[in-house]
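Residues per chain are reported as follows:
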Amino acid sequence: MELSMRDGGRLAAAIEVLQDMETRHRPAQVALRDWGASHRFAGSGDRTVIGNLVFDALRHKASLGAALGTADIRALVLATYAHTWGMGMDKLEEVLTADPHAPDRLSETEKTALAGVSAINLDGAAASDVPEWLWPSFQAAFGTCALAEGRALAQRAPIDLRVNTLKADPERVLERLRHTHPVPGTFAATAIRIKPRPGSGRMPHVQAEEGYRKGWFELQDEASQIVALLSGVNVGDQVLDFCAGGGGKTLAMAAVMENKGQIYAHDADRLRLAPIHERLQRAGVRNVQVRDPASSSLDDLKEGMDTVFVDAPCSGTGVWRRRPDSKWRLSEGALKDRIADQRSVLREAAGFVKPGGNLVYVTCSVLPEENDHQIEEFLAEHAQFQPASALARWRAVFPGKVEPVYRSTRGDILLTPATTETDGFFCALLKRKPA
Ligand SMILES: C[S@@+](CC[C@H](N)C(=O)[O-])C[C@H]1O[C@@H](n2cnc3c(N)ncnc32)[C@H](O)[C@@H]1O
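Procedures and definitions
- Residues numbered from 1 in each chain as written.
- Predicted model: local features only at pLDDT ≥ 70, side-chain atom pairs only at ≥ 80, totals over all residues.
- UniProt positions renumbered as here; feature names shortened; annotations may be inferred.
- Helix = DSSP H or I, 4+ residues; strand = E, 2+ residues; numbered from the N terminus.
- Domains from an automatic or database assignment.
- Expected span 1.5 Å × (residues − 1).
- Buried ≥ 20, exposed ≤ 12 C-beta atoms within 10 Å, placed from the backbone.
- Arc of directions from axis to C-beta.
- Contact = placed C-beta atoms within 7 Å.
- Axes fitted to C-alpha atoms, helices over the stretch in contact; angles between N-to-C directions.
- Parallel < 35°, antiparallel > 145°, perpendicular 65-115°, else oblique.
- Left-handed = near helix turned anticlockwise from the far one by under 90°.
- Nonpolar A, V, L, I, M, F, W, Y, C, P; charged D, E, K, R; others polar.
- Pairing = 2+ DSSP bridges.
- Near = placed C-beta within 6 Å.
- Core = buried A, V, L, I, M, F, W, Y, C linked by C-beta atoms within 7 Å.
- pLDDT = per-residue confidence, 0-100.

Under an unreviewed UniProt entry, the name given to the chain is MFS transporter, and the source organism is Roseibium aquae. As its UniProt record puts it under Sequence similarities (unreviewed entry), the chain is described as follows: "Belongs to the class I-like SAM-binding methyltransferase superfamily. RsmB/NOP family."

## A closer look at the UniProt feature "domain: SAM-dependent MTase RsmB/NOP-type" (unreviewed entry) in the chain
The UniProt entry lists residues 149–433 under the feature "domain: SAM-dependent MTase RsmB/NOP-type" (unreviewed entry), expressed in the numbering used here. Helix makes up 33% of residues 149–433 and strand makes up 22%, while its end C-alpha atoms are separated by 36 Å.

## Some details on the domain arrangement of the chain
Domain assignment breaks the chain into domain 1 (7–122) and domain 2 (222–432). Distance between the C-alpha centres of domain 1 and domain 2: 38 Å.

## Brief notes about helix α18 (residues 332–350)
Relative to the 27 Å expected for 19 residues at 1.5 Å per residue, α18 spans 27 Å between its end C-alpha atoms, a close match to the ideal helical length. Among all positions in α18, only L335, R338, Q342, L346, A349 and A350 are buried. Around the axis of α18, the buried residues are gathered within 90 degrees of arc, so they sit on the same side. Of the residues in α18, the exposed ones pointing more than 90 degrees away from the buried face are G333, K336, A340, S344 and R347. Looking at the packing, one finds that the buried side of α18 touches β8 (305–311), β9 (353–363), α19 (372–381) and β10 (385–388).

## As for the packing of helix α2 (residues 28–37) against helix α3 (residues 44–59)
Angle between the axes and distance between the axes: these two values describe a pair of packed helices. In contact at an axis separation of 11 Å, α2 and α3 are set at 150 degrees when each is read in the N-to-C sense. Judged on the interaxial angle alone, α3 and α2 are roughly antiparallel. Here the hand of the crossing between α2 and α3 comes out right-handed. Note on element contacts: α3 touches α2 through R47, G51, V54, F55 and L58, opposite A28, L32 and G36. In terms of residue class, the contact of α2 with α3 is built from five nonpolar, two polar and one charged.

## Topic: the sheet that holds strand β2 (residues 183–184)
In a beta sheet, neighbouring strands pair by backbone hydrogen bonds and run either parallel or antiparallel. Here four strands make up an open sheet; going across it, the order is β2-β3-β1-β4 and the pairing antiparallel. Strand pairing shows two members of the sheet lacking a second neighbour, β2 and β4 (217–219), which therefore form its edges. Here strand β1 (residues 159–163) pairs with strand β3 (residues 191–194) via four bridges, running antiparallel. Bridge assignment links D160 to a residue of β3, and that residue is R193.

## Details of the site of the ligand
Around the ligand sit 16 residues in total, of which C243, G245, G248, A268 and D311 are the nearest. For the shell around the ligand, the elements supplying multiple residues, two or more each, are α14 (248–256) and α18. Of the residues in the shell around the ligand, the class split is six nonpolar, four polar and six charged.

## Description of the environment of G8
Among the secondary structure elements, G8 is positioned in helix α1 (residues 7–24). For G8, the residues in contact, after removing those within four places along its chain, are V95, L96, A98, D99, H101 and A102.

## Concerning the nonpolar core
If you look at the biggest cluster of nonpolar residues, it comprises 83 residues, and the most contacted ones within it are M253, V308, V310, Y361 and C427. When neighbours within four sequence positions are excluded, V308 is seen to be in contact with L240, F242, A349, F352, V353 and L359. Counting 32 residues, the second-largest nonpolar core is a separate cluster that includes L18, L53, A82 and A113.

## Overview of the UniProt feature "active site" (unreviewed entry) in the chain
Within this numbering scheme, the UniProt entry marks C364 as carrying the feature "active site" (unreviewed entry). Within the element layout of this structure, C364 appears in the loop between β9 and α19. What C364 contacts, discounting residues up to four positions off in sequence, is C314, G316, G318, V319, D423, G424 and F425.

## What to know about unusual backbone geometry
The phi torsion of most residues other than glycine is negative, and most of the peptide bonds are trans. Unlike most non-glycine residues, E258 shows phi in positive territory, near 50 degrees. For E258, the position within the fold is in the loop between α14 and β6 (262–266). Residue class for E258 comes out partly exposed when judged on the 13 C-beta atoms lying within 10 Å of it. The backbone of N259 shows a phi angle near 65 degrees, a positive value even though the residue is not glycine. Relative to the helices and strands, N259 is located in the loop between α14 and β6.

## Comments concerning the environment of V353
Following the sequence through the fold, V353 ends up in strand β9. Taking the number of C-beta atoms within 10 Å as the measure of exposure, V353 has 25 and is therefore buried. When the C-alpha atoms of V353 and V308 are compared, they prove to be 6.1 Å apart, with 45 residues separating the residues in sequence. Dropping the residues within four chain positions of it, V353 is found in contact with E303, M305, V308, N358, L359 and R432.

## Let's talk about the confidence of the model for the chain
Looking at the chain as a whole, the pLDDT averages 96, with 99% of positions reaching at least 70. For this predicted complex, the interface confidence comes out at an ipTM of 0.99, alongside a pTM of 0.97.

## Structural notes on the packing of α1 against helix α5 (residues 73–84)
In the contact formed by α1 and α5, the axes pass within 9 Å of each other and the chain directions differ by 135 degrees. Considering their axes alone, α1 and α5 lie oblique with respect to each other. Our pair here, α1 against α5, has a crossing hand that is right-handed. Contacts from L11, A14, I15, L18, Q19 and E22 in α1 reach I73, R74, V77, L78 and Y81 in α5. Class assignment of the residues belonging to the contact of α1 with α5 gives a composition of eight nonpolar, one polar and two charged.

Here it is as structure tokens:
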């Protein structure tokens, strides 16, 4: 039988999960899943609140830690509850006193530190919850807006859905999901948004909806939908999705192409590619050929594609809202590896573009070294490619809509939570000169 926990027990559980993550170097989802498995009495409501506490504590780890003057996990969780969630000190003290499963009561030192959190003025990396070593990159990307961008990446994300126009239309999906309070997206006509709920609020489990099972919609951030629309793929084209992974962009492009022409979905990692088969079926997509690296080659596609889409492996700095633990786990070594991967992926993928064809490079990173720098270096070495402005394409695809603030002189664009209310996403369009 499920017994509902009280907030004291939930705070203790969140502390336990974060300690487990730290000592065993585990991702938040894994630690939360294991906690749930060994505490079967906890109901889904309890798990939601514990998860929210864990993720919010991670989102604001640097700013809360700096304001508290300690990196102590207990202090971090209690500050999340009292300060970030706005429950206040009186409520916190009441919760710690009333529940025998709650963490120990506050010491006088803790009371003083917690009460002072909101009054402390921070700046730089700590204020924006960006790891110190990445702060120079943030400043290079955003200048005086680095603080605002870091803070926006530390907020909760909405659930975004992409209506699958092969099977449904936005009005129908909005109507079917009315109980989840959806709103239309800002840019893509296919986008539907369920805004984040504050504090202990629970987001709907949209994968349990009938419409999801029937393939009427997919879970996909609006930024991903936007880059698929900006790719310029047309009905009947030959397209190579070089880093197709689970197929998010493949599916979006297949819908733009109205199931006509051909998309070749490739990924170096066949395990990453595995979910695509079931997703293609559910979405009713018929113009995708999966090219599994273990059993097929891409040789026949050399210099033959109208568009090659490169959703490059990256640091994931643009999706910190959704994976706040990845922000603190990212290391300088891992970033260097991703930069090297991007370099080689882009060069390899370019070999499949036909003369006059398009090369699309996107990342879910906001760091210049993974974005502008990669494109600059590539163009300097590949005279047969030239920039084609993503900004100009934006104007054609989203006429009258707010334009991306961050754009290069070439017209590459960077979307961010603070400016477009999407995940952080970079998009550059290149064109191979005609033969
Ligand atoms: C950002 S993810 C792709 C996400 C996917 N496009 C989607 O929309 O769901 C990057 C992908 O690049 C793949 N990758 C890494 N190195 C690669 C390489 N050398 N060639 C092809 N794919 C590669 C990874 O396995 C990973 O699945």
